[in-house]
Amino acid sequence: QVQLVESGGGSVQAGGSLRLSCQASGRTFSIYAMGWFRQAPGKEREFVAANSRSGITTKYADSVKGRFTISRDDAKNTAYLQMNSLNPEDTAVYYCAARGGVVVNTRPDEYDYWGQGTQVTVSS
């Protein structure tokens, strides 16, 4: 199995930026397709971004297109979510996830492994 640990969350003013990192261990990172999800208080977990096993193909939620960028560095066993132009609606716990597949997937129930989450709070 693979273990995922998110970091990089925190509090930021609206319009600011954060970069989340997801460090993987346990097995070879390059065999997994990766995704990012978030969950706000009282809300369902929602899709944010995902990439394929190769990292070439990406998919974003409409709410974050043009502001967030997903990437991965297999040499460092790390996935990233660069978040720019943050607004209060982005406030949530962010989770990275991995699946033993090749193509991108936006469904949380299709992912096999999850990190513990990192809090992102955006103030106006």
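Only a predicted model underlies this, so the values are computations on that prediction, with no experimental measurement involved.

Student: A description of the pattern of salt bridges should follow, citing residues and the corresponding values.
Tutor: By the definition in use, this model includes five salt bridges. The partner of K65 in a salt bridge is D62, and the shortest N-O contact between them spans 3.2 Å. Residue class for D62 comes out exposed when judged on its relative accessible area of 67%. D74 is the salt-bridge partner of R72, the closest N and O atoms lying 3.1 Å from each other.

Student: So what's going on with the sheet that holds strand β8 (residues 78-83)? Which residues, and what values?
Tutor: In spatial order, the strands read β1-β3-β8-β7; together these four strands make up an open sheet with antiparallel pairing. Of all the strands in the sheet, the pair left with one neighbour each is β1 (3-7) and β7 (68-73). Taken over all neighbouring pairs, the strand axes of this sheet differ in orientation by 15° on average, direction set aside. Where β7 meets β8, six bridges bridge the pair, whose relative direction is antiparallel. When the bridges of β8 are listed, D73 appears paired with T78.

Student: I'd like to hear about the state of the cysteines, residue by residue, with values.
Tutor: Here the structure, examined in full by the defined rule, presents one disulfide. Paired through a disulfide, C22 and C96 show a sulfur-sulfur distance of 2.0 Å. On the sign convention where negative means left-handed, the S-S torsion of about 55° between C22 and C96 marks this disulfide as right-handed. Linking C22 in strand β3 (residues 18-25) with C96 in strand β9 (residues 92-99), this pair joins segments that are 74 residues apart in sequence. Since its relative accessible area comes to 0%, C96 is described here as buried.

Thresholds applied
Residues numbered from 1 in each chain as written. Predicted model: local features only at pLDDT ≥ 70, side-chain atom pairs only at ≥ 80, totals over all residues. Heavy atoms only, no water. Salt bridge = Lys/Arg side-chain N within 4 Å of Asp/Glu carboxyl O. Buried < 20%, exposed > 50% of the residue type's maximum accessible area, 1.4 Å probe, protein only. Pairing = 2+ DSSP bridges. Helix = DSSP H or I, 4+ residues; strand = E, 2+ residues; numbered from the N terminus. Axes fitted to C-alpha atoms, helices over the stretch in contact; angles between N-to-C directions. Disulfide = S-S within 2.5 Å.

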